[in-house]
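Okay, here's what each chain looks like letter by letter:
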Amino acid sequence: MRNRSKYLLHMSGISLVDIGITGSYILISGDLAQSLVPIGLNIGILLVLNLVGAWLIYRPIARLEATTGSEAHALPAHVAHRITNLPLVSAAWAAFLGLLYCVAISLFGGFEAENPARAAIELDNPLLYIAIFAFAYCSYFSFYAFFAAANFGMGLRDDLSRRVGWTSTVTGPRMKTVLAIAFLGLVLPPIVLVIADLTVLENLRTRQGFSLKEAILLDLAGTLIAGAMAFFFLARLLTLPTERLLSAVNRVSEEHYDAPTPVLVDHEIGALSENFGHMAQGLAEKARLRRIFALYVSEPIVRAILASEESADGRLKGSIHHATVIFTDIEDFSSLTVELSPDQLVDTLNRYFEAISAPVQRNGGVVINYIGDAMMATFNVPVPSPAHARRALEVANEIQRITAREDFGAGRMLKTRIGIHTGQVIAGTVGGLDRLGFTLYGDTVNTAARLERANKDFGTYVLVSEATKRHADQHRGDGDGAEDMRFRALGPCEIRGLPERVQVFSPEGTAPAVSDQTPPRLPRLPGQSIGRNAP
């Protein structure tokens, strides 16, 4: 019942407002004896009776809090209505207390002068006096109660949002209404009282022993006390939800879409929080779909599709790029399919692809697809990478180091053959209406794939073309950690579909080492430089 205690504490502030007004009366009049009756009525009406009424007002909410568990996600309509209208109900109750308090003071002779001469002064219209002061006290008390209950309601909504997942909708007064209430509460009571002091309250002032100046000071003091307490709650009513919303905006800008955005208030800031919460949920769903999409399509490709103004339908138009393409393949994979069970084979491939894909991503490359036991990756498309050939060579080295020390659950080492070529490629998305794929086309792709296969003929595990070596040499010293890379020239290799043979090289230092027992099976041409360092 922590929330009910807080509400009772907020409502008990009405008593403090009256104590402040009574204290001002004592300071101005210097007569403590005249304030004994108001103090007693303060305790009886503004404290005890007020707390009883506040307890009854909060009772529907308290019953719900006592019975609702964390599994609930909705509130009964009457409880939601009470929470939404709690400021207005509290203000109406406070106004009733103000009226009752003024009537009781007039009946019990509160603020009556003990001086016989002043006490003999007749009041020509007692009901008018009661009405004027009742208006002032009802205004002060209801003004305070409205903003105190609204301030309490923010904490209550926040608590219910966290505990039972309830989020209210904005149905209460708008910001201009709240500010109008604040303006009228601060301006209207003192204006009415000052005008009354100047016109119809002269006999009453004389009977109480107040000069006009002292009466006006008392009017202003009451307004200042009630206004100061209410203004504290008003400030929180505007700043707290704004700060919470700003915090949620900052978290969402950092892609933390779980930022809580409960509707704490019923004005425009609450509506903004409500709409922002819906937006964050939509962004969270899009992020989830993007993560799932990225499991099937590389994240850089996803970003390229989303960033392209021409890909409203999910397609990237064909474009030409200068890129480096890398193909990998597991040596003697067919025997592995016989040795392992289907579950073991799939598990091994998953672990293998996860391991060899990691260096591709770290070096700015993009995995285009997996075909059986083969992987195709590209550098400089769609992610720019000026030293893309050197990046691809570094990836090849790292893949060989990884496969030399891990068996990926296969029970034996998986040797990987790699082919790398650099040149022009055509990149774009292709497919039917229900399925699209990002891929590369061109001789560069075919050459890289055939270089991977040519490793069998040369007895190597990494083959690169002269174009790749030349591009890597041009970007020597780019800070990629491969400045000392050297190559073994293996001579020309005939590539099906190309009119000319391709000069091929094997990077030195790749693991496993180049096989010295498997001689190249392609015929050597004059000038072939197998076993020598290329210039």
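Reference entry: report on the structure contained in this document. Residue numbering note: each chain is counted from 1, following its sequence as written. Two thresholds apply to this predicted model, a pLDDT of at least 70 for residue-level local features and 80 or more for giving and counting side-chain atom pairs, whereas whole-chain, interface and lining totals are computed over all residues. Only hydrogens and water are set aside; all other atoms, that is, all heavy atoms of the structure, feed into the side-chain values.

## Side note on the environment of leucine 414
What counts is decided by this rule: Secondary structure follows DSSP: runs of H or I at least 4 residues long count as helices, runs of E at least 2 residues long count as strands, and numbering of each begins at the N terminus.
Looking at the secondary structure, you find leucine 414 in the loop between helix H15 (388-405) and strand E4 (416-431). Along the sequence, leucine 414 and leucine 336 sit 78 residues apart, while their C-alpha atoms lie 9.2 Å from each other.

## A few points about the pattern of salt bridges
We apply this condition: Salt bridges are defined as contacts in which a side-chain nitrogen from Lys or Arg sits within 4 Å of a carboxyl oxygen from Asp or Glu. Relative accessibility thresholds used throughout: buried, under 20% of the residue-type maximum; exposed, over 50%; partly exposed, between the two (1.4 Å probe, protein chains only).
What the rule picks out here adds up to eleven salt bridges. Notably, a salt bridge pairs glutamate 394 with arginine 401, separated by 3.5 Å at the nearest N-O pair. Judged by relative accessible area, glutamate 394 falls into the buried class, the value being 15%. Take arginine 401: its relative accessible area is 40%, and that puts it in the partly exposed class. Of the charged contacts in the structure, one is a salt bridge between arginine 417 and glutamate 452, with a shortest N-O distance of 3.6 Å. Of this pair, arginine 417 sits in strand E4 while glutamate 452 sits in helix H16 (residues 443-458), and the two are 35 residues apart along the sequence.

## Some words on the packing of helix H2 (residues 13-29) against helix H10 (residues 212-253)
What counts here: Note on geometry: axes are C-alpha line fits, over the in-contact stretch for helices, and angles between N-to-C directions span 0 to 180 degrees. Between 65 and 115 degrees an angle is taken as roughly perpendicular, under 35 as roughly parallel, over 145 as roughly antiparallel, and anywhere else as oblique. Left-handed describes a crossing whose near helix is turned anticlockwise from the far helix by less than a right angle; the clockwise case is right-handed. Any two residues having at least one pair of non-hydrogen atoms within 4.5 Å are treated as being in contact. We call Asp, Glu, Lys and Arg charged. Ala, Val, Leu, Ile, Met, Phe, Trp, Tyr, Cys and Pro are nonpolar, and the rest, Gly among them, are polar.
Put simply, H2 and H10 touch, their axes get as near as 9 Å, and they point 155° apart. The angle between the axes of H2 and H10 places the two elements in the roughly antiparallel class. Relative to H10, H2 is oriented so that their crossing is right-handed. Together, Gly13, Leu16, Val17, Gly20, Ile21, Ser24, Tyr25 and Ile28 of H2 and Glu214, Leu217, Leu218, Ala221, Gly222, Ile225, Ala226 and Met229 of H10 make up the contact between the two elements. Taken together, the residues that form the contact of H2 with H10 break down as eleven nonpolar, four polar and one charged.

## Concerning helix H4 (residues 77-84)
To be explicit about the condition: The directions from the helix axis to the C-beta atoms are what the arc is built from.
Every buried residue belonging to H4 is among Val79, Ala80, Ile83 and Thr84, and all of these are buried. One face of H4 carries all of its buried residues, which in axial projection span an arc of 135°. Within H4, the exposed residues directed more than 90 degrees away from the buried face are Ala77, His78 and His81.

## Quick notes on the packing of H15 against helix H17 (residues 466-474)
Closest axis-to-axis distance for the H15/H17 pair is 7 Å, and the angle between their directions is 110°. Accordingly, the angle class assigned to the pair H15 and H17 is roughly perpendicular. Here H15 contributes His388, Ala389, Arg390 and Leu393 to the contact with H17, which in turn contributes Thr468, His471, Ala472 and Asp473. Residue composition of the contact of H15 with H17, by class: three nonpolar, three polar and two charged.

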